Amino acid sequence: MNTAGHSEATARRGLELTPFRGLRYDPDRVGSLAAVTSPPYDVVVRPDGLHHLQSADPHNIVRLILPQATTPTARNEQAADTLRRWLSEGILTTDSEPGLYVYEQRDGDGMLQRGIIGALRVSDPSEGVVLPHEDVMPHVVADRAALMRATSANLEPLLLTYRGNGSTSSAIEVVERVADHPPLLATTTEDGYSHRLWSVTDPADLARIQSDLAQHQALIADGHHRWATYRRLRTEHTSPSPWDYGLVLLVDTARYPLRVRAIHRLLHGLPVADALAALDGLFRIRHLPVPLPEALDALADAACAGNAFLLTGDGAFHLIDRPDPDLLARTIPADRPAAWRTLDATVLHATLLDHVWRIPEDDPTRIAYIHDTAATVEKAERDGGTAVLMHPVREEVVRDLARQGVTMPRKSTSFGPKPASGLVLRALDL
């Protein structure tokens, strides 16, 4: 799909963000707002992270986004029952009037991110309004769809980015003016991030934001599976309906650039020695007797020259790079742009997983996708598997491929910071 086609689609119908009545924790009914929040469902490193969050507060949002029971049906019913109970007990309350929400995150290193949370009209990729850049796993979409059906709620916002006019845009003007006022809520989570939330209900401000966003297209930064879930659920209901919209956080990266990090792989049942033996003669292999930070520096240096990965899980780090060109020619599809064919994630999936190690990328018993580097290493060492550590892709590469209509291999990127789950929810039947 060419950029001109996208421009025409955007001019025809751009981002449509609508106010909604946010569902939020009553701070007087929970231990603390920080204790009831969670990272997005797919960032929680199970089982340690899940148990930690469950014990942080009996009302932690993880009990809704990752309910625990013996069967999928029981899990979803448990989440729905929990949500109904929290509503009846006043743990969660609905804001009195519809609004859009300005959301701010800060960390201790001076990073500041602000965006707008609202209900976005769900669209298909062919419209060129919301651009995906990664493939999705059907079983994950089915799982999220079943949970949303059971709860009739959008439990956590997706993270979308758009390229506005920075500080001169009318949406950013509203965002920054609103952020000068006292927030609806403020909390600091244990990862050191501070979070603040404001409601925008003034009709003139809402109109300014909506008019500005209508000129833009967005890139899915985090939440491909949930966006695919929104699209599936929209088709199950007669329009117009609340299911025509899904909960998102929109960030103007011209004003507030995101960080892009890698998502690592944990290969179950594949010892490091076996993984390396299969690569003999196909990649250059160097053993690095250094700690993790230095190993990651070596990976970054090697990634500047071509495809490179760090393998670990045996107490050491092994840098693999310089793949055999004939191997790549045999294993990587030739009908995609060069920027896609040379991605580390493409080489990992098409060459290493499919051809060398023969590990299905969507089999959770064989492979896990983990955002936290240290946690990936720790779990590999504990389980006797192989951790494959990745170097992040640049945002401009992601956006350029998305504009061409080319999707990257699943779990290729981790944009952040991600919105905390539990600060504002959207109930579809209220």
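Refer to the preceding data block for the structure.
A brief report on the enclosed structure follows.

Reading the values: rules and limits
Starting afresh in each chain, residues are numbered from 1 along the sequence in its written order. Totals for whole chains, interfaces and linings use every residue, but because this is a predicted model, local features are given only for residues with pLDDT of at least 70 and side-chain atom pairs only at 80 or more, for both listing and counting. The basis for the side-chain values is all heavy atoms of the structure; hydrogens and waters are excluded. Every helix listed is a DSSP run of H or I at least four residues long, and every strand listed is a run of E at least two residues long, numbered separately from the N terminus. C-alpha atoms define the radius of gyration, and 2.2 Å times the number of residues to the power 0.38 defines the globule rule. Should any heavy atoms of two residues lie within 4.5 Å, those residues are considered in contact. For every accessible area listed, the method is Shrake-Rupley and the probe measures 1.4 Å; residues are considered covered only by the protein chains on display. Neither His nor the chain ends is counted toward charge; the positive residues are Lys and Arg and the negative residues Asp and Glu. Every charge is mapped onto a representative atom, which is NZ of Lys, CZ of Arg, CG of Asp or CD of Glu. Axis definition: a line fit to C-alpha positions, over the contact stretch in the case of helices; interaxial angles, taken between N-to-C directions, run 0 to 180 degrees. Orientation categories follow fixed angle ranges, with anything under 35 degrees roughly parallel, anything over 145 roughly antiparallel, 65 to 115 roughly perpendicular, and all other angles oblique. Here a crossing is called left-handed whenever its near helix is offset anticlockwise from the far helix by less than a right angle, and right-handed whenever the offset is clockwise. Residue polarity is assigned by list, with Asp, Glu, Lys and Arg as charged and Ala, Val, Leu, Ile, Met, Phe, Trp, Tyr, Cys and Pro as nonpolar; anything else, Gly included, falls into the polar class. Put simply, a salt bridge is a Lys or Arg side-chain nitrogen that is within 4 Å of an Asp or Glu carboxyl oxygen. Summary of the burial criterion: residues with accessible area below 20% of their type's maximum are buried, those above 50% are exposed, and those between are partly exposed, where the area comes from a 1.4 Å probe applied to protein chains only. Here, nonpolar core refers to any group of buried Ala, Val, Leu, Ile, Met, Phe, Trp, Tyr and Cys residues whose side-chain atoms link them within 4.5 Å. A helix is expected to span 1.5 Å for every residue after the first. Pairs of N or O atoms are called polar contacts if they sit within 3.5 Å, as long as, within protein, a hydrogen donor faces a hydrogen acceptor (for residues adjacent in sequence, only side-chain-to-side-chain pairs). Should DSSP find at least two bridges between two strands, the strands are regarded as paired.

**Here's the deal with the overall build of the chain**
Here's step 1: In terms of regular secondary structure, the chain is built from 16 helices and 21 strands.
Here's step 2: A compact globule built from 430 residues would reach a C-alpha radius of gyration of about 22 Å, and the chain, at 22 Å, matches this within 12%.
Here's step 3: The principal-axis extents of the C-alpha atoms in the chain amount to approximately 65 × 50 × 45 Å.
Here's step 4: Contacts in the chain between residues far apart in sequence, at least 24 positions, make up 79% of those at least 6 positions apart.
Here's step 5: Summed over all atoms, the accessible surface of the chain reaches about 17,600 Å², with 50% contributed by carbon and sulfur.
Here's step 6: The average position of the 44 basic charges and that of the 56 acidic charges among the side chains of the chain differ by 3 Å.

**A look at the packing of helix α7 (residues 170-178) against helix α8 (residues 203-213)**
Here's step 1: One can describe the packing of α7 onto α8 by two numbers: an axis separation of 7 Å at closest approach and a directional angle of 140°. Comparing their axes, α8 and α7 come out oblique. The interaxial crossing formed by α7 with α8 has left-handed handedness. Every residue of α8 that contacts α7 at Ser170, Ala171, Glu173, Val174 and Arg177 is listed here: Asp205, Arg208, Ile209 and Asp212.
Here's step 2: For the contact of α7 with α8, the residue count by class is three nonpolar, one polar and five charged.

**A closer look at the pattern of salt bridges**
When charged atoms on two side chains of opposite charge get close, those side chains can pair.
Here's step 1: One pass over the structure, following the stated rule, counts 24 salt bridges.
Here's step 2: For the salt bridge of Asp143 with Arg144, the shortest nitrogen-to-oxygen distance reads 3.1 Å.
Here's step 3: Residue Arg144 is classed as buried on the basis of its relative accessible area of 6%.
Here's step 4: In the salt-bridge network here, residues are joined through shared partners; they are Glu104, Arg106, Arg114 and Arg196.

**Details of the nonpolar core**
A general feature of soluble globular proteins is that nonpolar side chains tend to end up buried together.
Here's step 1: Counting residues in hydrophobic clusters, the biggest one holds 114 residues, and the most contacted among them are Phe309 and Trp357.
Here's step 2: It is helix α14 (residues 344-357) that contributes the most residues to this core, eight residues altogether.
Here's step 3: Setting aside residues up to four positions removed in sequence, Phe309 forms contacts with Phe283, Leu299, His318, Leu319, Ile320, Asp344, Val347, Leu348, Leu352, Val388, Leu389 and Met390.

**Here's the deal with α14**
Here's step 1: Taking 1.5 Å as the rise per residue, α14 with 14 residues should run 20 Å; its terminal C-alpha atoms sit only 16 Å apart, a clear shortfall.
Here's step 2: Most of α14 sits inside the fold, with twelve of its 14 residues counted as buried.
Here's step 3: When we look at burial in α14, the residues that qualify are Asp344, Ala345, Thr346, Val347, Leu348, His349, Ala350, Thr351, Leu352, Leu353, Val356 and Trp357.
Here's step 4: Of the residues trailing α14, Arg358 is marked for its positive phi of about 55°.

**Some remarks on the environment of His237**
Here's step 1: Here His237 lies in the loop between α9 (224-235) and β12 (245-252).
Here's step 2: Among the polar contacts listed, one links the side chain of His237 to the side chain of Trp243, at a separation of 3.2 Å.

**Describing the pairing of strand β19 (residues 386-389)**
Here's step 1: On β19, burial covers both faces: Thr386 and Val388 on one face and Ala387 and Leu389 on the other are all buried.
Here's step 2: Here strand β16 (residues 308-312) pairs with β19 via three bridges, running antiparallel. Each bridged residue has a counterpart across the sheet, and for Thr312 the counterpart in β19 is Ala387.

**Some words on helix α16 (residues 395-403)**
Here's step 1: Along α16, the residues classified as buried are Glu395, Val397, Val398, Arg399, Leu401 and Ala402.
Here's step 2: Immediately downstream of α16, the backbone of Gly405 shows phi near 75°, a positive value.

**Remarks on the side chain of Ser421**
Here's step 1: Within the secondary structure, Ser421 sits in the loop between β20 (414-416) and β21 (426-427).
Here's step 2: Ser421 has contacts with Val36, Thr37, Ser38, Pro39, Pro40, Ile61, Ile65 and Glu156, leaving out every residue within four places of it along the chain.

**A word on the sheet that holds β16**
Hydrogen bonds between backbone groups are what pair the strands of a sheet, and the pairing can be parallel or antiparallel.
Here's step 1: As summarised here, the arrangement of the six strands in space is β15-β17-β16-β19-β14-β18, forming an open sheet in which the pairing is antiparallel. At either margin of the open sheet sits one strand with a lone partner, and together these are β15 (284-288) and β18 (367-370). When the angles between neighbouring strand axes are averaged without regard to direction, this sheet yields 25°.
Here's step 2: Sheet topology places β16 next to strand β17 (residues 317-321); five bridges connect them, and they run antiparallel. Along β17, the bridge assignment pairs Leu311 with His318.
Here's step 3: Where helix α11 (residues 292-303) meets the sheet, its contacts fall on β15, β16, β17 and β19, and the angle it forms with β16 comes to roughly 155°.

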